[in-house]
Structure formats: C-alpha cells, structure tokens
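Single-letter residue listing:
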Amino acid sequence: MAFGNPDDDKLREECGVFGIFGHDDAPALTTLGLHALQHRGQEGAGIVSFDGTQFSAERHMGLIGDTFTKPSVMKRLNGHRAIGHTRYSTAGGDELRNVQPFFAEFAAGGFAVCHNGNFTNGMTLRRELQRDGAIFQSTSDTEAILHLIAMAKQPMFEDKLVAALNRLEGAFSIVGITNKKMIGCRDALGVRPLVLGDLDGAYILASESCALDIIGARFVRDIDPGELVIIADDGIKSIRPFDSQDPVPSRFCIFEYVYFARPDSVISGKNVYTVRKNIGIELAREQPADVDIVVPVPDSGNAAAIGYAQGSNLPFELGIIRNHYVGRTFIQPTDSIRHMGVKLKHNANRATFEGKRVVLVDDSIVRGTTSKKIVQMVREAGASEIHLRIASPPTAASCFYGVDTPDKHKLLAHRMSIEEMADFIRVDSIGFISIDGLYRAAGEASRNNECPQYCDACFTGEYPTSLADHENRDNIKQIALLSEARA
Ligand code: SF4
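These lines cover the structure that appears in this document, whether it is placed above or below.

Thresholds, definitions, all that
- Residues numbered from 1 in each chain as written.
- Predicted model: local features only at pLDDT ≥ 70, side-chain atom pairs only at ≥ 80, totals over all residues.
- Heavy atoms only, no water.
- Pairing = 2+ DSSP bridges.
- Helix = DSSP H or I, 4+ residues; strand = E, 2+ residues; numbered from the N terminus.
- Axes fitted to C-alpha atoms, helices over the stretch in contact; angles between N-to-C directions.
- Contact = heavy atoms within 4.5 Å.
- Buried < 20%, exposed > 50% of the residue type's maximum accessible area, 1.4 Å probe, protein only.
- Parallel < 35°, antiparallel > 145°, perpendicular 65-115°, else oblique.
- Left-handed = near helix turned anticlockwise from the far one by under 90°.
- Nonpolar A, V, L, I, M, F, W, Y, C, P; charged D, E, K, R; others polar.
- Phe/Tyr/Trp six-rings, centres within 6.5 Å; stacked < 30°, edge-to-face > 60°.
- Lys NZ or Arg CZ within 6 Å of the ring centre and 35° of its normal.
- Core = buried A, V, L, I, M, F, W, Y, C linked by side-chain atoms within 4.5 Å.
- Domains from an automatic or database assignment.

With that out of the way, let us pick up the sheet that holds strand β6 (residues 81-87). Across the sheet, which stays open at both edges, the seven strands sit in the order β5-β4-β6-β3-β12-β11-β13 with antiparallel pairing between neighbours. Every interior strand has two partners, whereas the edge strands, β5 (55-61) and β13 (218-222), have only one. Taken pair by pair, the neighbouring strands of this sheet meet at an average axis angle of 15 degrees, ignoring direction. Relative to β6, strand β4 (residues 44-50) runs antiparallel, the two being bridged by seven bridges. From the neighbouring strand, I47 faces β6, where its bridge partner is G84. Along the sheet, helix α1 (residues 26-36) contacts β3 (16-21), β4, β6 and β11 (195-199); its crossing angle with β6, the most-contacted strand, is approximately 25 degrees.

This is the structure in structure tokens:
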C-alpha cells in the first residue's frame with residue numbers, strides 16, 4: 001500500500017517550464033534547467049526538441065534525474081531548440097498522457113507547448129472545443145491551447161496564437177516552439193513567474209532564475225505581465241497580445257516568495273532567500289516569544305527562522321534533522337507503523353531540545369496535521385515550551401491559479417480561530433506574520449488594499465479576477481475523477 005508522502009500537508013506548485021533557442025546542446029541544457037526546477041513538480045517531465053527538420057519528444061513519469069539522464073532517452077532528443085516541463089499533478093492527473101509539452105502538427109508546421117499555472121475557464125474551453133469537434137488526448141488544460149490555435153481563423157500562426165491567448169483566463173506562464181520560433185507568455189496579471197536569460201547568444205525562458213544559474217546563463221529580465229515574446233533567428237520581439245491593453249497592475253503570487261520558489265532565485269528583482277529572511281525578521285517583531293532557541297522546520301522554515309533568530313537576538317539551532325532521501329511515496333508494510341509517517345522525513349534531536357523553550361518556525365499551515373506531528377516529536381525530545389511561528393498569514397482560502405490546495409473547508413485556518421489552532425496543534429502559542437508584515441518583507445511599505453501589489457488570495461480571500469469560482473474548481477475535480485474512473 002502506498003501511503004501519503006510526508007510533504008502532503010504543503011501547498012504544491014504545479015509545474016516548471018524551460019525553453020532554449022539557438023544552442024547546439026539544447027536538449028541537454030533543458031534537462032539541466034528542469035533539474036533546477038524540480039521543486040516545482042516531481043510527478044513527471046517532458047522535453048520536445050527541434051533539429052531543423054523534425055521534432056522529437058520524450059515524456060516520462062518520475063524525476064528528471066531518474067529519466068532524462070539515461071543515454072537511451074537523451075540520444076532521441078536532438079536539435080538547437082527545445083522546451084521542457086516538470087509537472088506536479090492534481091489528484092487523478094498523474095498519468096503519462098498529461099505530461100507536457102504537448103505537440104501538434106498544424107498545416108503550417110509543428111508546435112510544442114507547455115505551461116505553468118491554471119486556466120480558470122479551462123473546463124468551459126474544453127466543452128466549447130469538444131462541441132466544435134476537438135478530440136482531447138489528455139485531461140490537462142494545456143492541450144486546449146493547441147485546439148484553440150488549430151481552430152483560429154487567422155491565416156498567420158502569430159495571429160492564431162494571439163487569438164488563442166485571448167481565450168485563456170487565469171494564471172499562466174507559457175513556453176512553446178515552432179519550426180522557426182520560440183514563444184513565451186505571461187498572463188496579464190503576471191501571477192506565475194517567467195524569466196528571460198542568455199547563454200552565448202542563445203535565448204532562454206525559465207520559470208525561475210535558478211534554472212539559468214545551473215547552465216551558466218545570464219539573467220536578462222523578467223517577462224512582463226501580459227507580455228508575449230517571440231524569439232527567432234533574427235532576434236526577440238515583444239508584443240502585448242491581450243485585448244485589454246490598458247496596463248493592469250501586476251498581481252504576482254506572493255506565496256512564491258514564502259515557499260514555492262527556490263531561495264536562490266531572483267524574481268521581480270528580489271532574491272527569494274532575502275525576502276524569506278526579512279519575513280522572519282518581521283515575524284520576530286510582530287510575534288515575539290520568551291524562549292531559549294529558534295529552530296526551523298526544515299527546509300521550508302530555514303530562511304525565516306534565520307531571520308527570526310537575527311531579529312530577536314536568539315540562538316538559531318538545527319534541532320530537526322531532515323532525511324533527504326524520502327521519495328514522493330513510500331511503501332508501508334503494515335498499518336501499525338502508519339503513525340511513523342512524519343518520522344520518515346524529520347527527526348527531533350534530543351540534545352538540542354532537552355529542557356529548552358523553543359520557537360519553531362515553518363512557512364505555512366495547510367491542514368495542520370504535519371505541524372501537529374512535528375510538535376509532538378519536539379515535545380517528546382524534551383522541549384519544555386513550544387511556540388509555533390508561521391512565515392505567512394493564515395492560509396484560509398483555496399488557490400485557483402496553479403497551486404494545488406485542498407478545499408477551503410479542509411484548511412485549518414478556515415475551520416479554526418488562532419486559539420483553536422494552537423489547541424489543535426498542541427503548542428503553547430502560535431503566531432502568524434500579518435499581511436502587511438509579509439508585504440513589508442517583500443519590499444513594500446504595506447499592502448495597498450485598494451489595489452494589492454500581489455496575489456494574496458489564499459490569505460485574504462480577495463481573488464484578483466472574478467473567474468476563480470468554485471464551479472470551475474469543481475469542474476476541474478470532475479475531470480480528475482473521470483480520468484480516474486477511466487484508468
Ligand atoms: Fe499564490 Fe495564494 Fe494567489 Fe494562489 S491564491 S496565486 S498560492 S497567492
């Protein structure tokens with residue numbers, strides 16, 4: 001019996017994208033780029049390359065290092081341009097047929113595409129396209145892009161692409177290649193990240209700048225919210241494809257800074273590690289505690305705990321040791337050891353905790369089940385007091401923009417008051433950073449309540465578009481269930 005992975009009480013990013021145009025080692029560099037983006041999705045990965053004559057595609061379940069390092073796989077990928085995708089799937093969607101990039105052969109040539117994010121009108125589009133004759137091969141929203149392009153009436157590919165992009169609603173960063181070009185696009189609000197890099201004159205698009213670092217590429221800039229870049233042999237062209245060209249204030253996902261992005265990435269000019277440490281400093285100011293040591297829940301609480309320790313002038317200790325060799329799932333032989341789940345990944349060091357009053361720092365609380373087990377473990381290791389400090393405001397609403405969240409009724413902060421959460425997790429106190437504190441840590445004076453600078457909907461319930469409705473969310477679940485029933 002496979003049982004829950006020890007990470008399943010976290011919000012999950014749903015994908016990383018990478019593309020490179022104009023380099024002889026394009027497929028190998030894409031593999032490395034995806035390896036750097038592995039934290040954005042571990043269920044499966046794919047690469048499509050083009051060698052000037054033909055497209056080649058490889059899609060596999062599992063980690064990049066387990067599949068795309070095999071010579072038998074890599075020798076089938078050739079060419080000087082490639083795109084790749086690493087996927088985290090929602091329930092029922094972890095099948096090979098949903099692994100991206102997707103590819104279609106149009107009359108004017110081939111097109112491969114992948115995306116990070118979520119089309120909030122994905123189900124509506126699917127129904128419309130199916131009604132018009134489209135036959136879907138997968139349950140992934142991304143495939144809709146291909147059908148929209150195929151059915152667009154415009155004669156030129158670029159115009160078809162723009163027409164297709166204008167049908168999409170929600171949050172997305174898209175990367176694609178044709179036999180002549182590479183394209184990259186961010187939704188009008190820029191909710192999900194996408195950066196542009198350069199390696200020896202080759203253009204690179206990636207979800208995060210850490211994917212540029214691994215191949216020694218230079219960071220050029222973030223792709224702007226609502227920007228479509230079209231890269232060809234004669235250079236890069238930037239256009240604004242969306243009908244409403246009035247500049248819309250961007251609403252980048254603030255949770256990328258809290259948890260999703262890698263700490264060594266730079267997004268919108270801000271280093272993620274620095275923001276996380278600032279969060280810890282703000283948290284110490286807002287939620288002080290009279291304790292002996294500050295300990296992170298690794299790895300997600302590390303940077304904020306360092307900030308908390310600095311901000312409160314307390315010793316920082318690595319009291320919880322993380323086992324890095326735990327896979328996504330684990331085979332459990334008997335029910336009797338089911339409760340050991342959290343210990344597969346974390347162990348509390350008695351030498352650190354014995355007789356100590358402790359601040360434990362974590363990035364967020366989702367259902368609260370893992371926090372409760374970790375706290376119990378720290379208490380059993382001898383801590384005399386445990387004060388939990390959280391580097392984000394209470395997560396009380398679901399995300400509809402490409403992050404897998406439980407139904408809001410399962411979120412601890414939706415069900416309970418702060419005091420009730422402390423009782424449930426069995427800590428002496430619990431404290432969250434305020435929404436303004438989070439904005440300050442991200443470099444803002446405070447949250448602009450009239451026009452927030454970020455998407456923060458999972459904390460505030462204020463969704464940036466009116467389309468994040470429960471109907472669409474339910475429809476997405478229905479697709480997953482249908483897919484499970486068919487399998
Ligand atoms: Fe990010 Fe939360 Fe907005 Fe989703 S709802 S995009 S996780 S800030």
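Having seen the structure, we can now continue with the description.
By way of backbone hydrogen bonds, the strands of a sheet pair with one another, either parallel or antiparallel. Pairing in this open sheet of four strands is parallel, and the strands run β19-β23-β24-β26 from one edge to the other. With one partner strand each, in any of the chains shown, β19 (293-296) and β26 (429-432) form the two edges of the open sheet. For this sheet the average axis-to-axis angle between neighbouring strands, irrespective of direction, equals 25 degrees. Strands β23 (357-362), β24 (385-390) and β26 of the sheet are contacted by helix α9 (residues 272-286), whose axis makes an angle of about 125 degrees with β26. Relative to β26, helix α14 (residues 418-425) is tilted by about 130 degrees, and along the sheet it contacts β24 and β26.

In terms of burial, helix α5 (residues 143-151) is a largely internal element, seven of the nine residues being buried. Buried residues of α5: E143, A144, I145, L146, H147, L148 and I149, and no others. Tucked inside the fold, the buried residues of α5 contact β7 (102-106), β8 (109-119), α4 (122-131), α6 (157-165) and β9 (170-178).

Next up on the list: the packing of α5 against α6. Contact geometry of α5 with α6 gives a least axis separation of 8 Å together with a crossing angle of 125 degrees. When the axis of α5 is compared with that of α6, the two are oblique. Every pair of crossing elements has a handedness; the one defined by α5 and α6 is right-handed. Contact residues: α5 offers I145, L148 and I149, while α6 offers F157, K160, L161 and A164. Here the residues of the contact of α5 with α6 are counted per class, giving six nonpolar, no polar and one charged.

Under the defined criterion, the tally for this structure stands at 14 aromatic pairs. Of the aromatic side chains, those joined through ring pairs into one cluster are F252, Y257, Y439 and Y454. Across from the ring centre of F424, 4.2 Å away, lies the NZ or CZ of K372, which sits over that ring.

Turning next to the packing of α9 against helix α10 (residues 302-312). With their axes 6 Å apart at the nearest point, α9 and α10 run at an angle of 45 degrees to one another. For the element pair α9 / α10, the angle class is oblique. By crossing handedness, the relation of α9 to α10 is classed as right-handed. Packed against α9, whose contacting residues are Y273, R276, K277, G280, I281, L283 and A284, the element α10 presents A303, A304, I306, G307, Y308, Q310, G311 and S312 at the interface. Looking at the contact of α9 with α10 residue by residue, the classes come out as eight nonpolar, five polar and two charged.

Attention shifts here to the pairing of strand β12 (residues 202-206). Among the five residues in β12, four count as buried, and that is most of the element. Sheet analysis places β3 next to β12, joined by four bridges and oriented antiparallel. Bridging across to β12, F18 finds its partner in A206. As paired elements, β11 and β12 share five bridges and run antiparallel to each other. Bridge assignment links D198 to a residue of β12, and that residue is Y203. The hairpin formed by β11 and β12 contains two residues between the paired strands, and D200 there has a positive phi angle of roughly 50 degrees.

Let's shift gears to the pairing of β3. Burial analysis of β3 places six of its six residues in the buried class, which makes it a mostly covered element. Judged by which residues are buried, β3 turns out to be covered on both faces: G16, F18 and I20 on one side and V17, G19 and F21 on the other are all buried. Bridge count for β3 against β6 is six bridges, and the pairing is antiparallel. In the strand pairing of β6, I20 is matched with A82.

Okay, the nonpolar core next. F255, I279, V294 and V361 are the most contacted members of the largest nonpolar core, which has 41 residues in total. Every element with two or more residues in this core is listed here: β16 (252-253), α8 (255-260), α9, α10, β23, α15 (435-441), β27 (454-455) and α16 (457-460). Here this core spans two domains, and each of domain 1 (8-250) and domain 2 (272-328 + 336-453) adds at least three residues to it. Residues V342, A413, I425 and F432 belong to the second largest nonpolar core, which totals 28 residues.

Here the focus is α1. The α-helix winds at 3.6 residues per turn, so residues separated by three or four positions along the chain end up facing the same way. Taken across its 11 residues, α1 has eight buried, putting it largely inside the fold. Of all the residues in α1, the buried ones are A26, P27, L29, T30, T31, G33, L34 and A36.

The next thing to look at is the environment of L412. Counting through the fold element by element, L412 comes out in helix α13 (residues 412-415). Spatially, the C-alpha atoms of L412 and P394 are 8.5 Å apart, while their sequence positions differ by 18 residues. Ignoring sequence-local partners within four residues, the contact set of L412 consists of I365, V366, R367, G368, M421, F424 and I425.

Note that every value here comes from positions in space, so none of it alone points to a role or purpose.
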